[in-house]
Each structure stands twice: as C-alpha cells, then as structure tokens.
Amino acid sequence: MRLWDVRSHRRIGGTLTGHRGPVNAVTFTRGGAVIATAAGDDTVRLWSTGLQNKIGQPLTTGTKGFWTMAASPDGRTLIAGGGHDGSTAVWRLTDS
C-alpha cells in the first residue's frame with residue numbers, strides 16, 4: 001500500500017508491505033495516527049502513519065476477506081464487514 005498527499009499529489013514515505021493479497025479496504029483512526037487495512041489474505045493489519053510500520057500481529061477471524069472497514073469516533077474500536085460469508089468483526093484497539 002502507498003500513501004499519497006492529495007494536495008500535492010506526491011507519495012508520502014515508502015510502500016507499506018505485509019499483506020499477501022490485494023488490499024480491499026482502508027480506514028484511518030481519528031486524528032490519522034493509525035491506518036487499518038483489510039486484504040484478500042483474510043487479515044486486517046494496523047499501521048502507524050508516523051513511522052509507517054506495522055503495529056502488532058495481523059487481526060484474523062477465519063472470515064474470508066473483508067470489503068469495508070470503519071473506526072469508531074474515539075479510535076478505540078475497529079469494525080470490518082462484507083466478508084465472503086457476509087460476516088462482520090469488531091476489535092477493541094488498545095495503546096499496547
């Protein structure tokens with residue numbers, strides 16, 4: 001995944017790698033400190049926008065691929081939905 005500054009049309013930093021399949025959904029937490037991505041490898045990953053590196057291990061549920069994601073307004077909860085089996089998943093995010 002690559003981040004772009006929409007005002008200047010320039011790429012920000014390097015390429016974020018870690019998924020083994022195409023990224024299907026992306027969301028930012030409030031304030032943009034964390035990016036969450038869902039991919040065709042059936043995982044959700046968290047990324048630090050400042051350091052542009054992975055945070056922790058991938059989040060998994062056994063569901064086949066998510067197509068939509070959202071973070072709660074306080075940035076402490078992440079929800080992903082639209083899995084191939086129609087399921088949704090909710091994770092409580094912590095600072096650790």
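Anything mentioned here points back to the structure above.
Residues numbered from 1 in each chain as written. Predicted model: local features only at pLDDT ≥ 70, side-chain atom pairs only at ≥ 80, totals over all residues. Heavy atoms only, no water.

Caption draft 1: Local environment of the overall build of the protein. Of the regular secondary structure elements, the protein holds zero helices and nine strands. Taken from N to C terminus, the helices and strands of the protein fall in the order β-β-β-β-β-β-β-β-β. For 96 residues, the compact-globule formula gives about 12 Å, and the C-alpha radius of gyration of the protein, at 13 Å, lands near that figure. Projecting the C-alpha coordinates of the protein onto the three principal axes gives extents of approximately 40 × 30 × 25 Å. Expressed as a percentage of its 96 residues, the buried residues of the protein come to 38%. Of all intrachain contacts in the protein linking residues separated by at least 6 positions in sequence, the fraction that spans at least 24 positions is 28%. Here the protein has roughly 6,000 Å² of accessible surface; of this, 51% comes from carbon and sulfur atoms. Charged side chains of the protein number 11 positive and 6 negative; the gap between the two group centres comes to 7 Å. (Helix = DSSP H or I, 4+ residues; strand = E, 2+ residues; numbered from the N terminus. Rg over C-alpha atoms; globule rule 2.2 N^0.38 Å. Buried < 20%, exposed > 50% of the residue type's maximum accessible area, 1.4 Å probe, protein only. Contact = heavy atoms within 4.5 Å. Areas by Shrake-Rupley, 256 points an atom, 1.4 Å probe, with all protein chains shown as cover. Lys, Arg positive; Asp, Glu negative; His and termini not counted. Charge placed at Lys NZ, Arg CZ, Asp CG, Glu CD.)

Caption draft 2: Focus on the sheet that holds strand β6 (residues 53–59). Overall, antiparallel pairing links the four strands, which are arranged β3-β4-β5-β6 in an open sheet. For this open sheet the edge positions go to β3 (23–28) and β6, each flanked by a neighbour on one side alone. Ignoring which end each strand starts from, the neighbouring axes of this sheet average 20 degrees apart. In this sheet, strand β5 (residues 44–48) lies alongside strand β4 (residues 34–39) in antiparallel orientation, the contact comprising five bridges. Across the sheet, the residue bridging to Val 34 is Ser 48, located in β5. (Pairing = 2+ DSSP bridges. Axes fitted to C-alpha atoms, helices over the stretch in contact; angles between N-to-C directions.)

Caption draft 3: Inspection of the pairing of strand β9 (residues 88–92) at higher detail. The side-chain alternation of β9 yields one buried face, formed by Ala 89 and Trp 91, and one unburied face, formed by Thr 88, Val 90 and Arg 92. In this sheet, β9 lies alongside strand β8 (residues 77–81) in antiparallel orientation, the contact comprising five bridges. Note on β9: the bridge partner recorded for Ala 80 is Ala 89. Connecting β8 to the antiparallel partner β9 that follows it, the hairpin turn spans six residues, and Gly 82 within it adopts a positive phi of roughly 80 degrees.

Caption draft 4: Region of the structure containing the sheet that holds β9. With antiparallel pairing, the three strands of this open sheet are ordered in space as β7-β8-β9. On the outer flanks of this sheet lie β7 (68–71) and β9, each paired with one strand and no other. Taking the axes of each pair of neighbouring strands and ignoring which way they run, one obtains an average angle of 15 degrees across the sheet.

Caption draft 5: Representation of the pairing of β5. Burial analysis of β5 places five of its five residues in the buried class, which makes it a mostly covered element. The alternating pattern of β5 places Val 44, Leu 46 and Ser 48 and Arg 45 and Trp 47 on opposite faces, both of which are buried. The antiparallel pairing of β4 with β5 creates a hairpin that spans four residues between the two strands, and Asp 42 there sits at a positive phi of about 70 degrees. In the sheet, β5 pairs with β6 via four bridges, with the strands oriented antiparallel. Bridge pairing links Val 44 to Leu 59 in β6.

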